[in-house]
Amino acid sequence: MKLYHGSNVEVKEPNILVGRRTLDFGQGFYTTSDYNQAEKWAFNISKRRNVGKPVVSVYEFDEIVLSELVVLEFSTPNSDWLHFVSENRTDTYRGMEYDFIKGPIANDNTMPVLNMYISGFVDEDFAIKRLLPQKLKDQCVFKTEKAIPFLKFREVILCKK
């Protein structure tokens, strides 16, 4: 499977940044199988950091190795996904540790619903009904040093507007 990582710098040797990262799936090295999503990340990060150039690093990942890893996969933004993302975004997740996680991305369209759910303004049923119809891109997150070596760097693409 081809995976992409958008950034303001090329990443030939992925690593897991340590620190408080309240992202969908917590700390890890984030990739996607959707080039356009990675390109969007690259432009956003370059603009936010105001340094570097938007680039997409391209990797190859052989899914056969998933049998060697502790994996969590969400096929849709369901109840389990909602709870998992909410706990990671609020830095309260204390469950099982995974090597690799794959699932939908909480994007700009989903964040208002997620924030209303996290704040208690809407219940789970309402949130899921609002999230399910959306065509969410995927994200594949390499969470541990055990998983990172399976991601093989192939090339860097300079993004152009």
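Described in the following lines is the structure provided in the data block. (Residues numbered from 1 in each chain as written. Predicted model: local features only at pLDDT ≥ 70, side-chain atom pairs only at ≥ 80, totals over all residues. Heavy atoms only, no water.)

### Focus: the sheet that holds strand E1 (residues 2-7)
For clarity, the threshold we go by: By this definition, two strands are paired if DSSP reports at least two bridges between them. Helix and strand assignments follow DSSP, with helices taken as H or I runs no shorter than four residues and strands as E runs no shorter than two, numbered in order from the N terminus. Note on geometry: axes are lines fitted to C-alpha atoms, helical ones only across the stretch in contact, with angles between N-to-C directions running from 0 to 180 degrees. In what follows, residue pairs with any heavy atoms lying within 4.5 Å of each other are defined as contacts.
The 3 strands lie next to each other as E1-E3-E7, forming an open sheet whose pairing is antiparallel. Each edge of the open sheet carries a strand with a single partner, namely E1 and strand E7 (151-158). Strand after strand, the sheet turns through a mean of 25° between neighbouring axes, direction not considered. The pairing of E1 with strand E3 (residues 55-61) spans 6 bridges and is antiparallel. Considered in E3, the bridge of serine 7 is made with valine 55. Against the sheet, helix H1 (residues 35-49) makes contact with E1, E3 and E7, and its axis sits at roughly 15° relative to E1, the strand it touches most.

### Re helix H2 (residues 79-89)
Here is the rule: Whether a residue is buried, partly exposed or exposed follows from its accessible area with a 1.4 Å probe, protein chains only, as a fraction of its type maximum: under 20%, in between, or over 50%, in that order. Here a polar contact is recorded for every N or O atom pair within 3.5 Å, except that within protein the pair must consist of a potential hydrogen donor and a potential acceptor, and residues adjacent in sequence are included only if both atoms are side-chain atoms.
Of all the positions in H2, only Trp81, Leu82, Phe84, Val85, Ser86 and Asn88 are classed as buried. Of the surrounding secondary structure, the elements contacted by the buried residues of H2 are strand E4 (71-73), strand E5 (100-104), helix H3 (111-118) and helix H4 (124-131). Capping the start of H2 is the job of one residue whose side-chain oxygen sits 3.1 Å from the backbone nitrogen of aspartate 80: asparagine 78. Note on H2: the residue one or two positions beyond its end, aspartate 91, has a positive phi of about 60°.

### Brief notes about the sheet that holds E4
Strand order in this open sheet of 4 strands is E2-E6-E5-E4, and the pairing throughout is mixed. Only two strands of the sheet have a single partner each, and these edge strands are strand E2 (29-31) and E4. Strand-to-strand twist in this sheet, taken as the mean axis angle between neighbours without regard to direction, amounts to 15°. As paired strands, E2 and strand E6 (residues 138-142) are joined by 3 bridges and run antiparallel to one another. Paired with threonine 31 across the strands is cysteine 140, a residue of E6.

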